[in-house]
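Analysis of the macromolecular model
Read off the chains here:
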Amino acid sequence: MSFDVSVVRAAYPALADGYAYLDGAAGTQVPEAVIEAIAGAYRRGIGNVGGAFPASQRGDGIVAECRAAVADLVGGCPAGVILGPNMTTLTYRLASALAKDWRAGDDVVLSRLDHDANVRPWVQAAARAGVTVRWAEVDVGTGELGVEQYDVLIGPRTRLVAVTAASNVLGTRPDVAAITAKAHAAGAVTYVDGVHASAHGPTDMVALGADFYATSAYKWSGPHVGAVVADPARLAALLPDKLASSSDEVPHRFETGTSPFADFAGVVAAVDHLAGLDPTATGTRRERLLASLATAEAYELELFAVLLTGLAAMPHVTLYGSAARRTATAYFTVAGRTPRAVATHLAARRVNVWDGHNYAWEVTAALGIRDAGSAVRAGLVHYNDRSDVDRLMAGVAELG
Ligand SMILES: Cc1ncc(COP(=O)(O)O)c(C=O)c1O
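Parameters and conventions
- Residues numbered from 1 in each chain as written.
- Predicted model: local features only at pLDDT ≥ 70, side-chain atom pairs only at ≥ 80, totals over all residues.
- Heavy atoms only, no water.
- Phe/Tyr/Trp six-rings, centres within 6.5 Å; stacked < 30°, edge-to-face > 60°.
- Lys NZ or Arg CZ within 6 Å of the ring centre and 35° of its normal.
- Helix = DSSP H or I, 4+ residues; strand = E, 2+ residues; numbered from the N terminus.
- Polar contact = N/O pair within 3.5 Å; in protein donor to acceptor, adjacent residues only side chain to side chain.
- Near = heavy atom within 4 Å.
- Areas by Shrake-Rupley, 256 points an atom, 1.4 Å probe, with all protein chains shown as cover.
- Nonpolar A, V, L, I, M, F, W, Y, C, P; charged D, E, K, R; others polar.

1. Re the packing of aromatic side chains
The final tally for this structure, using the stated rule, is 7 aromatic pairs. Members of the aromatic cluster, joined through ring pairs, are Trp102, Trp122, Tyr191 and Phe212. Above the face of the tryptophan 135 ring, arginine 112 is positioned so that its terminal group lies 4.2 Å from the ring centre. Over the ring of tryptophan 361 we find arginine 370; its NZ or CZ atom is 3.6 Å from the centre of that ring.

Shown next as structure tokens:
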């Protein structure tokens, strides 16, 4: 295992601006290789896909490479990688396709830990189909999503269980494999939101028991592209709304309109970048991804321990969430200051953090903080270093 954060940081031009980018959970910066891959696709000449000329065929090649790269990242099948503008849009599309055979009296099981993008599309599809929504609750003291409650929540009419692989505010990584096993035992389909999780460690969607696994490249050093990955045979059984003239092939039938092909080249470069985070990793790209992301996760968590210890020692700081398995994501309030005031104070010290509910709509309400501006989020990714953490802590300490 080897990780040199200064080498990693040098790959990201934006990090040279002197800011501590602790806003990675809302979107990461991109390495030069990603910028170059996107620019290079345009420079070489790019056409819409499916044509008879080389620029079009280059577009076809980029799409195929992009599916293969995302499949390597999550442990899925390239032919089951649906690409789209972002996870939210794709989840709405999948929700309306899946709900076509839901019947009144069926139910779906959602969690209050989830980002609203893995909640509201299902709530609204359920309402249209006369389907009951059942809620898995979060332990507000710890931020854990208890697995046992699913024994009661999942029943013979459960059609879908949607759950996050990691909370984008509390960082909680629930025991997804245990939850999906219960769903499968009842014949329900599982939809796992990996948008926050996939940046922070190795992903194996098969081991997670995810029938559908959603992710977004802009959270892991890529451009603004989303993906949902599933078994192609499962996708072939779904009939999304689509144009009569567009391809009915899987996964194209889920991809409406013309795609951002040059950005897809950036997705490939981002996956290659992640695979190279640990320069001692060897083997296939999938193997290097698993090793590199394990190394990056260990690095993030070590740095996170410094951040958590520092914030926990400040009497004016309240930290939310203490799950046993979590990403390096801190969510906190400061006594007597609104989250926006804290973020503004930190921005003046060149520290980027997010304030607010961050679309973690249900859990911020459950914590009783949503109406008061929720909290401040400082999230670490593999390019953050000790100086980022020290500057954050110094800035927060000034507010005591
Ligand atoms: C956990 C999680 N799920 C879903 C989303 C929505 O992703 P997208 O912006 O790709 O729609 C986000 C974005 O912040 C997220 O953090």
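Picking up where we left off.
2. Digging into the side chain of arginine 253
Looking at where arginine 253 falls in the secondary structure, it is placed in the loop between helix H9 (232-236) and helix H10 (261-275). A polar contact is formed between the side chain of arginine 253 and the backbone oxygen of aspartate 248, at a distance of 2.9 Å.

3. Examining the site of the ligand
Neighbouring residues of the ligand: Asn86, Met87, Thr88, His115, Ala117, Asn168, Asp193, Val195, His196, Ser216, Tyr218 and Lys219. Within the side chain of threonine 88, one N or O atom sits 2.5 Å away from an oxygen atom of the ligand. A distance of 2.6 Å separates an oxygen atom of the ligand from a polar side-chain atom of lysine 219. In the complex, the protein chains occlude 91% of the 390 Å² of accessible area that the ligand would expose alone. Taken together, the residues that form the shell around the ligand break down as 4 nonpolar, 6 polar and 2 charged.

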